[in-house]
Amino acid sequence: MRTLITFQNKSIPVYFNQENKQPMQKTLRLLSSALEHKISNGKRALQKCLHSLISIEIVGCEAILHSRSENDSLALSLY
């Protein structure tokens, strides 16, 4: 399943698998708050990933952040 979120004035696609136990709206709220927190308080590597973010994949309780450079892609725990 795919949905779009707005982050830093960009539309970012978020991909879910059907096996997620949490409701999609709750997961999206957790993801948005985590991204906003990390863009202001995160380490430089995480901020670099967020500035070049192209898509997000939710797998279980983790968000895989895909950036333009594969080396900058990271996993972020939502819970």
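This report concerns the structure included in the present document. Residue indices follow the written sequence of each chain, beginning from 1 at its first position. Reporting of local features is limited, given that this is a predicted model, to residues whose pLDDT is at least 70; pairs of side-chain atoms are given and counted only at 80 or more, and all residues count toward the totals for whole chains, interfaces and linings. The basis for every side-chain value is the complete set of non-hydrogen atoms in the structure, without hydrogens or water.

### With respect to the overall build of the chain
At step 1: Helix numbers and strand numbers start at the N terminus; a helix is a DSSP run of H or I with at least 4 residues, a strand a run of E with at least 2. Secondary structure assignment for the chain yields two helices and five strands.
At step 2: In this description the radius of gyration comes from C-alpha coordinates, and the expected globular size is given by 2.2 Å times residues to the power 0.38. Taken over the C-alpha trace, the chain has a radius of gyration of 12 Å; the compact-globule value for 79 residues is 12 Å, and the two agree within 12%.
At step 3: With the C-alpha coordinates aligned to their principal axes, the bounding extent of the chain is approximately 30 × 20 × 20 Å.
At step 4: Expressed as a percentage of the 79 residues in the chain, the buried residues total 35%.
At step 5: We call two residues contacting when some pair of their heavy atoms lies within 4.5 Å. For the chain, long-range pairs separated by at least 24 residues make up 40% of all intrachain contacts whose partners lie at least 6 apart in sequence.
At step 6: For the accessible areas, the method is Shrake-Rupley and the probe is 1.4 Å, while residue cover comes only from the protein chains on display. When the accessible surface of the chain is summed, it comes to about 5,100 Å², and 50% of that surface belongs to carbon and sulfur atoms.
At step 7: The average position of the 10 basic charges and that of the 6 acidic charges among the side chains of the chain differ by 8 Å. When accessible area is computed with a 1.4 Å probe and restricted to protein chains, residues below 20% of their type maximum are described as buried, those above 50% as exposed, and intermediate ones as partly exposed. Counted as positive: Lys and Arg. Counted as negative: Asp and Glu. His and the chain ends are not counted at all. To locate a charge, take NZ of a lysine, CZ of an arginine, CG of an aspartate or CD of a glutamate.

### Some points on the nonpolar core
At step 1: Nonpolar cores are built from buried Ala, Val, Leu, Ile, Met, Phe, Trp, Tyr and Cys residues. Side-chain atoms within 4.5 Å join them into one set. Membership of the largest hydrophobic core comes to 20 residues, with the highest contact counts inside it found for L31, L35, I56 and L65.
At step 2: Take this core: its biggest share by element is five residues, from helix α1 (residues 24–41).
At step 3: Not counting the four nearest positions on each side in its chain, L65 is found in contact with L35, L46, C49, L50, L53, S55, I56, S73, L74 and L76.

### A look at the environment of Q47
At step 1: For Q47, the position within the fold is in helix α2 (residues 44–51).
At step 2: Since its relative accessible area comes to 23%, Q47 is described here as partly exposed.
At step 3: A C-alpha to C-alpha distance of 9.6 Å links Q47 and L35, two positions twelve residues apart in sequence.
At step 4: Other than its neighbours up to four places away in sequence, Q47 contacts K38, I39, S40, N41 and G42.

### Here we look at the environment of I64
At step 1: With respect to the helices and strands, I64 occurs in strand β4 (residues 62–67).
At step 2: If near-sequence neighbours (up to four positions away) are discounted, I64 is found in contact with S55, I56, E57, V59, L74 and A75.

### Looking at unusual backbone geometry
At step 1: The phi dihedral of Q8 is positive, around 55 degrees, even though this residue is not glycine.
At step 2: With respect to the helices, strands and loops of the structure, Q8 is situated in the loop between β1 (2–7) and β2 (10–16).
At step 3: On the basis of relative accessibility, which here comes to 32%, the residue Q8 falls in the partly exposed class.
At step 4: One non-glycine residue, N9, lies in the positive phi region at around 60 degrees.
At step 5: Position of N9 among the secondary structure elements: in the loop between β1 and β2.

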